[in-house]
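Tertiary structure, described
The residues making up each chain are set out below.
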Amino acid sequence: MPDFQPTRTHRTRLMQIWRSAGWPCKDALEIDLLAARLVAQHTTREGHEVLRLTDAGITLLAEARQRGLRALSAHDRLAERFAGHLLAAGRIVWRELPLRAALEAPAAPADAVPRPTPAGAPRLWADDDADGAPAPPRAAQVWRMARPDLFSVRNTSVPAYLQPMVHEVKASRADLLSDLRHADKRQAYQWLCEECYYVFPAGIATPEEIPEQFGVWVLHGKVQDLGQPGDSSRFELLRPARHARCTLPFAVWMTLCKATPVRGQGEPAQAQLGEGLPAPEAAGDADAGEDLVALADAATPCGPPPAAEAEPAPAPPPESAV
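Residues numbered from 1 in each chain as written. Predicted model: local features only at pLDDT ≥ 70, side-chain atom pairs only at ≥ 80, totals over all residues. Heavy atoms only, no water.

1. What about the overall build of the protein?
Helix and strand counts for the protein stand at eight helices and 10 strands. Burial statistics for the protein: of 322 residues in total, 28% are counted as buried. Counted over contacts in the protein with a minimum sequence separation of 6, partners at least 24 positions apart contribute 62%. Taken as a whole, the protein presents about 22,300 Å² of accessible surface, with 56% of it coming from carbon and sulfur. (Helix = DSSP H or I, 4+ residues; strand = E, 2+ residues; numbered from the N terminus. Buried < 20%, exposed > 50% of the residue type's maximum accessible area, 1.4 Å probe, protein only. Contact = heavy atoms within 4.5 Å. Areas by Shrake-Rupley, 256 points an atom, 1.4 Å probe, with all protein chains shown as cover.)

Here it is in structure tokens:
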């Protein structure tokens with residue numbers, strides 16, 4: 001197929017085959033990939049038919065990945081680099097996660113004029129008067145969808161230590177000033193976290209231009225050089241954020257459960273079975289099995305501790321002779 005041009009759908013299927021066991025779907029996409037010699041059919045020892053990427057298929061994915069890296073904007077490069085900084089600090093990070101935040105409802109304008117009520121119109125509210133329109137009760141809060149660039153929590157099992165944070169990444173001064181003009185957006189970020197920061201290259205703005213409740217991180221180095229050979233850029237904390245205790249609502253937890261966090265460079269998608277167990281001695285399979293059994297017996301079981309066995313009651317004294 002000399003005139004075959006793989007589409008994004010073909011590249012997505014190639015990546016799925018690469019990251020899976022290779023079970024075939026027997027659809028039209030696989031016909032195209034097989035005819036273009038991007039994948040090949042193989043048979044396992046058990047007789048199952050599987051698909052494996054050929055050298056041409058791996059080359060196609062590698063070229064597509066390089067094109068994607070070069071197409072990253074300055075904002076994406078800066079966000080990806082700072083996400084790695086947070087991962088190295090032991091935090092779980094999500095990028096551009098849509099979250100719903102509750103904001104205080106705006107107050108009614110002082111110069112609001114009530115609308116006149118037509119003569120003979122029925123009264124819908126108890127506090128209606130004859131001269132003005134009904135005044136429906138105002139909502140105490142309004143909901144707004146927030147989409148922070150980086151949302152992170154500590155990797156901990158103690159709820160009080162989660163310390164949710166929001167980091168807004170700005171690659172240009174125009175983007176930063178545009179964000180600072182939206183007070184509702186900043187209020188939504190503060191409702192979702194305990195600390196909120198702005199991250200931007202050094203020289204774009206000074207900490208005095210940022211609201212005092214927000215922290216400031218700056219990048220020393222060129223954004224274009226991030227991830228390139230010889231990259232010596234570093235982040236510096238110019239001002240810590242004001243800390244405010246925050247308990248994540250249930251809706252935020254549900255969104256976190258459905259989303260996929262950022263994975264670090266070289267971090268496996270799933271740990272290997274048995275990872276973390278001590279390596280068995282080279283004394284044979286029997287000794288290795290005995291070590292694993294002993295290790296399992298020594299492990300603390302889940303659930304509440306077993307109830308202590310009651311001590312046997314002492315034997316009654318012998319009856320005295322009459």
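2. Description of the state of the cysteines
The final tally for this structure, using the stated rule, is zero disulfides. Cysteine Cys246 is unpaired, with the sulfur of Cys193 as its nearest cysteine sulfur at 6.8 Å. In this structure Cys246 comes out as buried when scored by relative accessible area, which is 16%. (Disulfide = S-S within 2.5 Å.)

3. Quick word on the side chain of Asp149
You can see Asp149 is positioned in the loop between strand 5 (141-146) and strand 6 (150-154). The side chain of Asp149 sits in the buried core without any salt bridge; Lys170 is the nearest counter-charge, 4.6 Å away. Polar contacts involving the side chain of Asp149 include one to the main-chain amide nitrogen of Val169, which spans 2.8 Å. Among all residues touching Asp149, those that are not within four sequence positions of it are His75, Trp94, Arg95, Glu96, His167, Glu168 and Val169. (Lys, Arg positive; Asp, Glu negative; His and termini not counted. Salt bridge = Lys/Arg side-chain N within 4 Å of Asp/Glu carboxyl O. Polar contact = N/O pair within 3.5 Å; in protein donor to acceptor, adjacent residues only side chain to side chain.)

4. Side note on the sheet that holds strand 6
The six strands lie next to each other as 3-6-7-8-9-10, forming an open sheet whose pairing is mixed. Lying at the two open borders of the sheet, with one neighbouring strand each, are strand 3 (91-95) and strand 10 (234-239). The sheet shows a mean angle of 25° between the axes of neighbouring strands, taken without regard to direction. Packed onto the sheet, helix 4 (residues 74-88) meets strand 3, strand 6, strand 7 (165-169), strand 8 (195-201), strand 9 (215-220) and strand 10 and runs at close to 160° relative to strand 3. (Pairing = 2+ DSSP bridges. Axes fitted to C-alpha atoms, helices over the stretch in contact; angles between N-to-C directions.)

5. Observations concerning the pairing of strand 7
A regular strand places its side chains on the two faces of the sheet in alternate fashion. The element strand 7 is extensively covered by neighbouring structure, given that five of its five residues are classed as buried. As paired strands, strand 6 and strand 7 are joined by three bridges and run antiparallel to one another. The partner of Leu150 across the bridge, within strand 7, is His167. Bridge count between strand 7 and strand 8: five bridges; the pairing is parallel. Bridging across to strand 8, Val169 finds its partner in Val199.

6. Let's talk about helix 5 (residues 173-180)
Those residues of helix 5 not exposed but buried are Leu176, Asp179 and Leu180. Mapping the buried residues of helix 5 onto a view down its axis gives an arc of 100°, with all of them on the same face. Against strand 7, helix 6 (183-192) and strand 8 lie the buried residues of helix 5. (Arc of directions from axis to C-beta.)

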